[in-house]
Amino acid sequence: MKMKKLFLACILLLFSFSKLFAQNSNYWQQHVDYKMEVEMDVKSYQYKGKQELVYTNNSSDTLKKVYYHLFNNAFQPGSEMDMRLQSIKDPDGRMVTKIKVDGKEIKQSRIANLKLNEMGYLHVSNFMQNGVAAKTKEIETILEVELNQPIFPGKSATFTLDFDGQVPIQIRRSGRNNTEGIALSMSQWYPKIAEFDFEGWHADAYIAREFHGVWGNFDVKITIDKNYILGGTGYLQNPNEIGYNYQEKDVKVVIPKKQKTLTWHFKAPMVHDFTWAADPNYIHDVVTTDFGTTLHFLYKNNPKIIENWKKAQQKTVDLMKFYNSFVGKYPYNQYSVIQGGDGGMEYAMCTLILGEGTLEGLTGVIAHEMGHSWFQHILASNESKHGWMDEGFTSYIEEISLNELSDKKAANPIQSSYNAYYKLVESGKEQPLTTHADRFDENRSYSIASYVKGELFLSQLEYLIGRKNLEKTIKRFYSEFQFKHPTPNDIKRTAERVSGAILDWYLVDWTQTTNTIDYGINEIIEDATSTKITLQRIGRMPMPIDLTIDYNDGTTENFYIPLRMMNFEKENPTPNIKRTILKDWAWGNLNYDFVIEKPKASIKKITIDKSGLMADVKRENNVYEK
Ligand SMILES: [Zn+2]
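Residues numbered from 1 in each chain as written. Predicted model: local features only at pLDDT ≥ 70, side-chain atom pairs only at ≥ 80, totals over all residues. Heavy atoms only, no water.

**Details of the overall build of the protein chain**
Each helix and strand in the protein chain was counted, giving 12 helices and 33 strands. Here the C-alpha radius of gyration of the protein chain, 27 Å, is about what a compact globule of 626 residues would show, namely 25 Å. Each principal axis of the C-alpha atoms in the protein chain carries an extent, and together these give about 100 × 65 × 55 Å. Taken across its 626 residues, the protein chain has 59% of its residues classed as buried. Contacts in the protein chain between residues at least 24 apart in sequence constitute 70% of all its contacts with a sequence separation of at least 6. Split by element, the accessible area of the protein chain, about 26,200 Å² in all, is 51% carbon and sulfur. Across the protein chain, 75 positive and 78 negative side-chain charges occur, with their mean positions spaced 3 Å apart. (Helix = DSSP H or I, 4+ residues; strand = E, 2+ residues; numbered from the N terminus. Rg over C-alpha atoms; globule rule 2.2 N^0.38 Å. Buried < 20%, exposed > 50% of the residue type's maximum accessible area, 1.4 Å probe, protein only. Contact = heavy atoms within 4.5 Å. Areas by Shrake-Rupley, 256 points an atom, 1.4 Å probe, with all protein chains shown as cover. Lys, Arg positive; Asp, Glu negative; His and termini not counted. Charge placed at Lys NZ, Arg CZ, Asp CG, Glu CD.)

So this is what it looks like as structure tokens:
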């Protein structure tokens, strides 16, 4: 079994290295090899560990400093996360308590009220670089290390450190004893080296969101009370010493009564994070599939939820099958769905999700969080800077897949997302997608920007280059940028390479500005036998135009107006209906007209973009009806 895994790891590595050079010979990324040993005290929720990190500098810079994240330190009264929580207009409901003061409802920061034994911390001591002490400085959630020797391009250094942590009462994502009763949800729990890439250091303080990590290999040993059952990132190396349904068939695991703890040994090849959860009351189901990935489900032995968790298992298999065919093969042979008791968050090879509620809710969260395995884990874009690439693209495949697997299929499964975007535009609170995830004025603006507008990026790309090209773009993007850190330009260039269209204007207007799309039908003027139709560009953002004319005699005709700056003609999306390609429309012209050789009286209805895929903020003027 071990050999097989080692072989897979080698294949993964070879594969990823060949990919590194496939696209851009200038591309580089740092590499890490973590070894950690940690002991968890399940009574005090404190843990102590040792970490060895071999850090390889593949950049052309000589590094004199490195930075680590110490995420736990955010969960302390007065932290930057606490301050942000207290000042934002629409705080995350999970992070506040609603109280009444003089009959008025007030939202109080839950972090502000944490007692000493409830807050989180993570401290580092005894830091060494290649066996020699180096100077460190803790700045709340960031550790700054002044190296005693610079790391030259192409060279590696070994960092060793001891860490001391306390698991906070769960406020968000990571934590203990949450409302669903999960003992330990251990995400962002260890000193995690910050990413250094072509943009420099990404040593973002932990204020709310999100994550960006270095690709590498993890070897983690967790020693914990023997009654606790674990799930998480990585392949368990000693299943026959552990049991709990991890052991090989027919193996009977006997743990001596005297033994108090178990040491769980995990290895995870080519990931950029390591997460785990533990509870003495987990049920652990294992589901094998015909596509080689074994699925693990860990959830509380709570009669209220067991039936849903059983039913969700086949759905998870179906969802993964769909993602494998729609995006590309999931490369690890394990994935775990774990009740973590707070929302849902994606991690390497696993997710921690809420476990109670309806089956539909549970399946929806699994569809979303597992979708992140493709968009953020394997295609590891920087979530803090480009949330729309992971949240948006994940939302897109989630809704496409749920629609595909549902009995009732919607024509546009993401119509509600278009509506949410229109509402945000109307509110005047939209900020460009290039805004850092922490610096949106309101949580709502962040959510709609990254989840919805990111989703519409792909959906609208179908309008621009056609369904076949969109599907090819998604597959090619995955195959060329997996195990890397793709940027917005990479998805745009992939779509350009696939379709031949020029799309820079699309990336710029949609993600770097809040320009909106508004095209309208301006005038319909009748001649003796013909009709002149005048269209108008009202919004700033350019778009090609699909236009449909329905005639009184029941026939329909389509027209396509290419956008000049796009230099492209889309394949007819509805080949059963006659389509005429008209002269292109240059953006600088506010007006555009064309003539049809039919009287005005024969026209029943004219529609700009019948598909609804173009996010036109004012659809009323898209339709002329007699
Ligand atoms: Zn998400």
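Following the structure, the description resumes.
**Looking at the coordination of the zinc ion**
Protein coordination of the zinc ion is provided by His-368 (NE2), His-372 (NE2) and Glu-391 (OE), with donor distances spanning 1.9 to 2.1 Å. Of note, the donors binding the zinc ion are all from one chain and are spaced H-x3-H-x18-E. With a gap of 19 residues between them, His-372 in the loop between α5 (359–371) and α6 (373–378) and Glu-391 in helix α7 (residues 387–405) connect regions that are remote in the sequence. Taking the relative accessible area as the measure of exposure, His-372 reaches 0% and is therefore buried. Overall, the relative accessible area of 2% leaves Glu-391 in the buried class. (Donors = N, O, S within 2.8 Å, 3.2 Å for Na, K, Ca; no water.)

**Overview of the nonpolar core**
Counting 181 residues, the largest nonpolar core has Phe-159, Trp-189, Ile-224 and Leu-535 as the members making the most contacts within it. Here the element with the most residues in this core is helix α9 (residues 443–465); it accounts for 11 residues. In this structure Phe-159 touches Gln-51, Glu-52, Leu-53, Tyr-55, Val-66, Tyr-68, Phe-127, Met-128, Gln-129, Leu-147, Ile-151 and Ile-193, once residues within four positions along its chain are discounted. (Core = buried A, V, L, I, M, F, W, Y, C linked by side-chain atoms within 4.5 Å.)

**Some details on the pattern of salt bridges**
Enumeration over the complete set of coordinates arrives at 27 salt bridges. Across the pair Lys-50 and Asp-162 runs a salt bridge, and its minimum N-O distance is 3.3 Å. Linking Lys-50 in strand β2 (residues 46–56) with Asp-162 in strand β10 (residues 156–166), this pair joins segments that are 112 residues apart in sequence. Judged by relative accessible area, Lys-50 falls into the exposed class, the value being 53%. The shortest N-O distance in the salt bridge between Glu-199 and Lys-385 comes to 2.6 Å. (Salt bridge = Lys/Arg side-chain N within 4 Å of Asp/Glu carboxyl O.)

**Observations concerning the sheet that holds strand β19 (residues 261–271)**
The strand order across the open sheet formed by eight strands is β7-β6-β10-β2-β1-β16-β19-β18, and the pairing between neighbours is mixed. The open sheet has two edge strands, β7 (132–133) and β18 (235–236), and neither has a second partner. With two bridges joining them, strand β6 (residues 121–129) and β7 adopt antiparallel strand pairing. Pairing of Gln-129 across the sheet is with Val-132, part of β7. (Pairing = 2+ DSSP bridges.)

**Overview of unusual backbone geometry**
Even without a glycine there, the phi angle at Tyr-45 is positive, about 60°. Tracing the chain through its elements places Tyr-45 in the loop between β1 (31–41) and β2. Given a relative accessible area of 16%, Tyr-45 falls into the buried group. Here the phi dihedral of Tyr-244 falls at roughly 50°; this positive angle occurs in a residue that is not glycine. Inspection of the secondary structure puts Tyr-244 in the loop between α3 (239–242) and β19.

**Observations regarding the side chain of Asp-219**
Mapped onto the fold, Asp-219 is located in strand β16 (residues 216–225). There is a polar contact of 2.8 Å between the side chain of Asp-219 and the side chain of His-265. What Asp-219 contacts, discounting residues up to four positions off in sequence, is Tyr-34, Lys-35, Met-36, His-265, Phe-266 and Lys-267. (Polar contact = N/O pair within 3.5 Å; in protein donor to acceptor, adjacent residues only side chain to side chain.)

**A few points about the environment of Arg-540**
Here Arg-540 lies in the loop between β27 (531–537) and β28 (545–551). Each C-alpha atom of the pair Arg-540 and Val-32 lies 45 Å from the other, and the pair is 508 residues apart in sequence. For Arg-540, the residues in contact, after removing those within four places along its chain, are Asp-509, Asn-515, Thr-516 and Trp-587. A polar contact of 3.0 Å, which involves the side chain of Arg-540, links it to the side chain of Asn-515.

**Things to note about the sheet that holds strand β17 (residues 229–232)**
Sheet strands associate in pairs through backbone hydrogen bonding, adopting either a parallel or an antiparallel arrangement. Strand order in the open sheet made by the four strands is β11-β12-β20-β17, with antiparallel pairing throughout. The outermost strands of the open sheet, each flanked by one partner alone, are β11 (175–176) and β17. As defined by bridge partners, β11 adjoins strand β12 (residues 184–186) across two bridges and the pair is classed as antiparallel. Bridging across to β12, Arg-176 finds its partner in Leu-184.

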